[in-house]
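Remarks on the overall topology
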Amino acid sequence: MSTTTLLGALLPAVPLVAGLLGLLLPPAPRDAGTDGGPARRVAIALGVAGAAGALALAVALLVTLDRPAEASTTWVDLGGLTVSLGIRLDSAAALVAVAVAAVALAVQVYSVGYLRRGPHDDVDTDHRYPPYAAQISLFTAAMLLVVVAGDLILLLVGWEVMGICSYLLIAHDRRLPEAPAAAMKAFLVTRVGDVGFLLGIALLGVSAGSFRIADVLAHDHATGTLTAACLLLLAGVAGKSAQFPLHTWLPDAMAGPTPISALIHAATMVAAGVYAVTRLYPLFEVTPTALAVLGVMASVTLLLGAFAATAQDDLKRVLAWSTVSQIGYMTGALAVGSTPAALFHLLTHAAFKALLFLAAGAVIHAVGTTLMSRMGGLRRSMPVTFWCTVIGLGALAGVPPLSGFWSKDGVLTVAQDAALHGTGPAPAWVGWLVWLAGLVGVAVTAWYATRLLLRTFFGETRMPLAHPHDPPAVMRWPVLLLAVPAALLGLAGFDWAFARRLLLTPTASAPEHLLIHVGPELLLPLALLVVGAGLAWLRWLRDPAADPATALGPLRPVFAAAFRLDDVQRALVVRPAKALARATRTADEVVVDGAVEGSGRAALGLGGGLASLHRAALPRAAAGVLAGALLIGLAAVVIGVAA
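No experiment lies behind these values; they were computed from the predicted model shown.

How each quantity is defined
Sequence order as written defines residue numbering, which begins from 1 separately in each chain. With the structure being a predicted model, the display of local features is reserved for residues of pLDDT at least 70 and the display and counting of side-chain atom pairs for 80 or more, all residues being used for whole-chain, interface and lining totals. Computation of side-chain values covers all heavy atoms of the structure but excludes hydrogens and water. We count a stretch as a helix when DSSP gives it H or I for four or more residues in a row; a strand needs E for two or more, and each element gets its number in order from the N terminus. A simple rule labels every residue: compare its accessible area, found with a 1.4 Å probe on the protein chains alone, to the largest value its type can have, and call it buried under 20%, exposed over 50%, or partly exposed in between. Between two residues, a contact is recorded if the distance between any of their heavy atoms is within 4.5 Å. What sets the accessible areas is the Shrake-Rupley method with a 1.4 Å probe; for residues, cover comes only from the shown protein chains. Every axis in this analysis is a line fitted to C-alpha atoms, fitted for helices over the stretch in contact. Angles between the N-to-C directions lie between 0 and 180 degrees. For classification purposes, an angle smaller than 35 degrees is called roughly parallel, one larger than 145 roughly antiparallel, one from 65 to 115 roughly perpendicular, and anything else oblique. Crossing handedness is read from the near helix: turned anticlockwise from the far helix by less than a right angle, it gives a left-handed crossing, and turned clockwise, a right-handed one. The rule is simple: put a 1 Å grid over the protein atoms alone, call a set of points where a 1.4 Å probe fits but cannot get out a cavity, call an open set with protein on both sides within 12 Å along at least five of seven lines a pocket, and count a residue as lining if it has an atom within 4 Å of a point. Grid points are joined across faces, edges and corners, and a volume is the space filled by probe spheres set on the points. Under the grouping applied here, Gly and all other residues not named as nonpolar or charged are polar, the nonpolar ones being Ala, Val, Leu, Ile, Met, Phe, Trp, Tyr, Cys and Pro and the charged ones Asp, Glu, Lys and Arg. For two strands to pair, DSSP has to find at least two bridges joining them. Residues belong to one nonpolar core when they are buried, are Ala, Val, Leu, Ile, Met, Phe, Trp, Tyr or Cys, and are joined through side-chain atoms within 4.5 Å. Two aromatic rings, drawn from Phe, Tyr or Trp (for Trp, its six-membered ring), form a pair once their centres lie within 6.5 Å of each other, and the interplanar angle then sorts them: stacked below 30 degrees, edge-to-face above 60, tilted otherwise. Charge-over-ring placement is defined geometrically: NZ (Lys) or CZ (Arg) within 6 Å of the ring centre, and within 35 degrees of the ring normal.

**Brief notes about the overall build of the protein**
Of the regular secondary structure elements, the protein holds 25 helices and 2 strands. Classification of the 643 residues of the protein by burial places 53% in the buried group. Once local pairs closer than 6 in sequence are excluded, the contacts in the protein between residues at least 24 apart make up 80%. For the protein, the accessible area works out to roughly 26,200 Å², and carbon and sulfur atoms hold 70% of it.

**What to know about the environment of P554**
Here P554 is to be found in the loop between helix 22 (523–542) and helix 23 (555–560). Exposure remark for P554: the relative accessible area of 72% places this residue in the exposed category. Between the C-alpha atom of P554 and that of S91, which follows or precedes it by 463 residues, the distance is 49 Å.

**What to know about the packing of helix 17 (residues 383–397) against helix 18 (residues 403–421)**
Interaxial distance between helix 17 and helix 18 falls to 6 Å at its minimum, and their mutual angle equals 15°. When the interaxial angle is binned, helix 17 and helix 18 end up roughly parallel. Between helix 17 and helix 18 the crossing geometry is right-handed. Residue-level inspection shows A395, L396 and A397 of helix 17 in contact with helix 18, the latter providing S403, G404, F405 and K408.

**Remarks on unusual backbone geometry**
The omega torsion of the bond from F244 to P245 falls at 5°, within 30 degrees of zero and hence cis. In this structure, P245 sits in the loop between helix 8 (223–240) and helix 9 (249–252). Look at the link from P400 to P401: it is a cis peptide, with omega at 5°. In this fold, P401 is placed in the loop between helix 17 and helix 18. The phi dihedral of A242 falls on the positive side, at around 55°, and the residue is not glycine. Here A242 is to be found in the loop between helix 8 and helix 9. Residue class for A242 comes out buried when judged on its relative accessible area of 0%.

**Examining empty space enclosed by the protein**
Considering all chains together, one arrives at 4 cavities of 30 Å³ or more under this definition. Each residue belonging to the lining of the largest cavity can be placed in one class, and the counts come to 7 nonpolar, 1 polar and 2 charged. Estimates place the volume of the second largest cavity at around 50 Å³. Forming the walls of the second largest cavity are L315, L319, L356, A359, A360, V363, T389, L452 and F457. Counting only elements with at least two residues in the lining of the second largest cavity, the list comes to helix 14 (315–335), helix 15 (339–367) and helix 19 (428–457). Counted by class, the lining of the second largest cavity contains 8 nonpolar, 1 polar and no charged residues.

**Let's talk about the environment of Y448**
With respect to the helices and strands, Y448 occurs in helix 19. Classification of Y448 as buried rests on a relative accessible area of 1%. C-alpha of Y448 to C-alpha of P548: the two residues are 100 residues apart in sequence and 9.0 Å apart in space.

**Re the pairing of strand 2 (residues 81–89)**
Sheet topology places strand 1 (residues 69–78) next to strand 2; 9 bridges connect them, and they run antiparallel. Within the sheet, the bridge partner assigned to D77 lies in strand 2 and is T82. If you look at the hairpin formed by strand 1 and strand 2, you'll find 2 residues sitting between the two strands, and G79 has a positive phi there, around 60°.

**A look at the nonpolar core**
Counting 202 residues, the largest nonpolar core has W249, I264 and F284 as the members making the most contacts within it. Sort the elements by how many residues they give to this core and helix 15 lands first, with 21 residues. Among all residues touching F284, those that are not within four sequence positions of it are C230, L233, L234, V277, A290 and L291.

**Some details on the packing of aromatic side chains**
Per the counting criterion, the structure on display carries 16 aromatic pairs. Ring plane angle 65° and centroid distance 4.9 Å describe the contact between F386 and W387, whose orientation is recorded as edge-to-face. F386 gets classed as buried once you look at its relative accessible area, which sits at 5%. One aromatic cluster in this structure is built from F386, W387, F457, F458, W537 and W540. Lying across the ring of Y129, R40 places its NZ or CZ 4.3 Å from the centre. Seen from the ring of F187, R191 lies directly overhead, with NZ or CZ sitting 4.6 Å from the centre.

Written as structure tokens, this is what we have:
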């Protein structure tokens, strides 16, 4: 095993070991004081060390990896169908690994301060911090396993471990009644997609005779098998990456601690679906049907998330719906044939969305509420948080020269080329759909980003008794450090070496500026950005005390309820499933159990009757014997006469 492949193998192993050791720690005692006792201190050390070690390994891998590398060994051989333990490394995997590890480290450090006593908490520390930190480490290891896995079954293992860790982390705060319900919803909805994902992997593995990604990509699959497998894989992508129609779990997952929201939304969990498609993109590239479905799913999700974000009052739910929308940009780029544009936006989104969630956590930690209607005027008392939020929202909206501007422009440019010139593997109408949805999304994103900034940091405070301030250093430094890539990472797209790292098969013939497009096509998104932000600003200037969302009129409750798709899902899926479960239970109790219990009662009754005959008095018994003898004699006479 070479040094490069050794680094790749250690990448998920380091946080995995830290997580397993952390699970052995007991919960901190409730009377442990402000530091949480030795269990909390050891948990902090393990969590931070595991994430820091993973980041160091990811950076070392990025520096040393000069060409794709792979190593594997057979794990299971099922009659010629092999499952291997292996890794598959390239420059794109190394970049995603760096993003995952960096966000995980920021979350581990930030959580040390966030899960202490807050202004409205009735406990000094979170006594369940040790399992919390361990679960973050396991979550990180699972995502890194997805990143480096060279076998589809190994990728599936990381995929599913992320699911159970997300369930545990979302439900971490047991004092919140909505947390367990949100965790269960996230688990069940993503499991629906994972059934399709598992079946898609099975189809590809059986067709290729191996689950190694290299073997699966090299095999000449039948057209029908390949189309069915890709569509099944997209079901898993829709669940894990919160794409329509399996997107409904993500906003409710905000019941978890805010650092966990940053972890799930930024570079792990929701990005896993996008990354999995890029990993298998040569299969999707020759399956126009799957790309068309992906394009429709991306466009609907992009607009759905953006419009839903316009009417939310909960600060975290605005950011959650924005994640749904931004993942739509990534899947849209994949639908029109550009994996570099999708991965570039994945990386910039990891930076600015982690920044936004951690900045939102600082606000929530300071004022004790997630509702923007109870905030306002925080710009003066929380200047560091304010400017970091400005950078994050600017990158989200696509304000030049911040990172999101360049990556989102890359998606729009490839969609425009696909629409106008028919480039890419998907039909031209897919390009039109993604491009137009992306342009509308630019204006809507600018509108709700401006509204969030105004409602939270400008105007007069709506909590006169609160005394907010910037967070302590352990929370402030992760936010400040994330502000750097959120602002500047987009400029890396001008670097030819960086652009080549995002190519699936780097070649010298690739265009020089693969990720950055400077030209007249930038004017339309910029104009839409100004229109969206300007409309929100003008509405606020009319009445700074009013919510700019009042401009939505009768559409506001529809957008706030996300077009009531939760109700549709409940009516079409949840209620029929519950009714079927009740009918099955009734059938089991009445028919199956009834037959078993009825036969038992019949046998018991027959036995009781026979027992009563055995216990009969002597005269009755003698009469019975005589009657029996007479019947036998009569039968013998009848038979004899007949003969």
